[in-house]
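So you can see what is in the structure, the chains are spelled out below.
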Amino acid sequence: MDPDDESSVNVCLIQCALFCKGYNAGGVTGIYYNAGEAAVKEMQKDAGIEVTGRIDWKVWSGLLSMNWFKKVSGGDNVIRQIQKQLNGDWSDVVGVGPCDGVASRQTILSLVGALQAAEGVTTELITDLNSVNFGEKTTDAYNVFPISLNTERNSASYVPFTKLAQYGLYFNGYNPGRFDGIYDSATRDMVEAFQEFYCLTGIGLVKAGEVNVSTMKSLLTSKGDTRRSAKACDCATVLNRQQAFDVKRAGYTHVGRYLTGTVGQEYTPKYMTLEEIGYIEEAGLMVFPIYQDGGSYPGYFEKPTRGSVDAQTAALAAERIGVPENSTIYFAVDFDCYEYQIDSYIIPYFKCINIFFNSVKNYKRYKVGIYAPRYVCTRVSELGLAKTSFVADMSTGFNCNLGFPIPFNWAFDQFCEITSFASAPSFPLDKDAYSGRDTGISAFDKVEEKTPEEIEKEN
């Protein structure tokens, strides 16, 4: 435009949006001239898209979104670099994402969208990243692109895939030191370290140091490759003898079972019985006990006394069935938390549990574990309020899973639901990766069958 042109309402909108994003457009004049062009160029540079000074659809979508293109307080320079590269390479498909240095929901979901674009599975603009899924089509298309350390794999066609693997490594806590799509020895070493910590190697689908589809799934989503085998599982079914032996024959060594509670509209008991424990021991399975009489919504944790009540209830239930001393009990946080809910409800809840478990009333010296999404486990565990974590990784869309590495103290990682495990009768079963940080219970103490009230009276 020229300074003498008539004012445009659309230009007024752009100028207002530029000011809102922190760019000086020279006033809300409706005339797009030198100051406006300079502001748009600055925005395009910050966003990692082509710097032209022209107001195209990417400028409009970026400015009229909630995205921020300058690093915010607490933002990470490397994450900002990744965000700019994502926009530069894939904004035609994933849109113009933020460049604020924060591992936002949009940034993490954009990784899978970019992978689909690199594969050619998706070519049109993705208008709703929440619908993006690392499904069968993405899996099948990736199977021709396993990345390993040799010259052929570093050809131009592999660069986009290696970049995404490098991004995934960084978000999972492994910095490859470069994000240029070159699969060098440093990147390979980070891949191997990631695979080892996540217990991906040695399961038949993963070769150490190679980013095959199973590894890429684990880099870009919390549940990873649901086809992979698992040593552990959990269920809400009271196992009969046949079911216990079938679980063992299927290759599982550990089973997570509940201490209390019911499941379903018919309130079917889900808690371990002495008879079931006998079948489990006979089958040679080990157990990790879970406590969940709620915990699936924020309001459950609002009562200040909830942690104290749950701690005592769990300990009494464990004593009733002979859970041996020093065993870890996993307390459930079975929903996606906001940061303030972790601070206001979840951390105080686990502080109360620890007060009881550190008292003389916990004479069997049971230990506190946590079942929750990744970031919740990490926050609670970093404060020393949980010894080990049982990670709720199946919900890949949870904000507390997206972009967060698996907790440093993970013992079990729930990643796939089998709706009908083959047995007599069949029953639902969740597959859990096993790290060895909690070896579980191989033998229960011999006890007489007593009610929780009788045990409490004795104590």
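Before going into details, it helps to say that this report is about the structure given with it. None of the values given here were measured: they were computed from a predicted structure. (Residues numbered from 1 in each chain as written. Predicted model: local features only at pLDDT ≥ 70, side-chain atom pairs only at ≥ 80, totals over all residues. Heavy atoms only, no water.)

## Quick notes on the overall build of the protein chain
Then step 1. If you tally the helices and strands in the protein chain, you get 15 helices and 10 strands.
Then step 2. Overall, the protein chain is about 95 × 50 × 40 Å in size when its C-alpha atoms are taken along their principal axes.
Then step 3. Taking all 459 residues of the protein chain together, 52% fall into the buried category.
Then step 4. Counting only contacts in the protein chain whose residues sit at least 6 apart along the sequence, the fraction spanning at least 24 positions is 60%.
Then step 5. Of the accessible surface of the protein chain, which amounts to about 20,200 Å², a share of 51% is contributed by carbon and sulfur atoms. (Helix = DSSP H or I, 4+ residues; strand = E, 2+ residues; numbered from the N terminus. Buried < 20%, exposed > 50% of the residue type's maximum accessible area, 1.4 Å probe, protein only. Contact = heavy atoms within 4.5 Å. Areas by Shrake-Rupley, 256 points an atom, 1.4 Å probe, with all protein chains shown as cover.)

## Side note on the layout of surface pockets
Then step 1. A volume near 500 Å³ is recorded for the largest pocket.
Then step 2. Along its surface, the largest pocket is lined by 32 residues, and Asn133, Phe134, Thr221, Lys223 and Thr396 are the ones closest to its centre.
Then step 3. Counting only elements with at least two residues in the lining of the largest pocket, the list comes to helix 5 (105-119), helix 6 (136-142) and helix 9 (213-220).
Then step 4. No other element matches helix 5, which puts 5 residues into the lining of the largest pocket.
Then step 5. Classifying every residue of the lining of the largest pocket by side-chain character gives 11 nonpolar, 14 polar and 7 charged.
Then step 6. The calculated volume of the second largest pocket comes to roughly 420 Å³. (1 Å grid on protein atoms, 1.4 Å probe; cavity = no way out; pocket = protein on both sides within 12 Å on 5 of 7 lines; lining within 4 Å. Points joined across faces, edges and corners; volume = space filled by probe spheres on them. Nonpolar A, V, L, I, M, F, W, Y, C, P; charged D, E, K, R; others polar.)

## Considerations on the packing of aromatic side chains
Two measures describe an aromatic ring pair: the distance that separates the ring centres and the angle between the ring planes.
Then step 1. Counting across every chain of the model gives 27 aromatic pairs.
Then step 2. Note on Phe288 and Phe390: the rings are 5.2 Å apart at their centroids and 85° apart in plane angle, and the pair reads as edge-to-face. Of this pair, Phe288 sits in strand 5 (residues 286-291) while Phe390 sits in strand 8 (residues 388-392); the two residues are 102 residues apart in sequence, bridging distant segments of the chain.
Then step 3. Ring centres 6.2 Å apart and planes at 85° place the aromatic pair Phe390 and Phe412 in the edge-to-face group. In this pair, Phe390 sits in strand 8 while Phe412 sits in strand 9 (residues 410-421), placing the two residues 22 residues apart along the sequence. (Phe/Tyr/Trp six-rings, centres within 6.5 Å; stacked < 30°, edge-to-face > 60°.)

## A short note on the sheet that holds strand 10 (residues 427-434)
Then step 1. Here we have 8 strands rolled up into a closed barrel, ordered 1-2-5-6-7-8-9-10, and mixed in their pairing. Averaged over all pairs of adjacent strands, the angle between their axes in this sheet comes to 30°, without regard to strand direction.
Then step 2. In this structure, strand 6 (residues 328-332) lies alongside strand 7 (residues 367-372), joined through 5 bridges in parallel fashion. Counted as the bridge partner of Thr328 is Lys367 from strand 7.
Then step 3. Packed onto the sheet, helix 13 (residues 339-357) meets strand 6 and strand 7 and runs at close to 155° relative to strand 7. (Pairing = 2+ DSSP bridges. Axes fitted to C-alpha atoms, helices over the stretch in contact; angles between N-to-C directions.)

## Here we look at the pattern of salt bridges
For side chains bearing opposite charge, pairing can occur when the charged atoms are close.
Then step 1. Scanning all chains against the criterion turns up 21 salt bridges.
Then step 2. Residue Arg178 pairs with Asp180 through a salt bridge whose shortest N-O separation is 2.5 Å.
Then step 3. Classification of Arg178 as partly exposed rests on a relative accessible area of 28%.
Then step 4. Assessed through its relative accessible area of 32%, Asp180 is described here as partly exposed.
Then step 5. One continuous salt-bridge network, built from bridges that share partners, spans Glu42, Asp46, Lys70 and Arg80. (Salt bridge = Lys/Arg side-chain N within 4 Å of Asp/Glu carboxyl O.)

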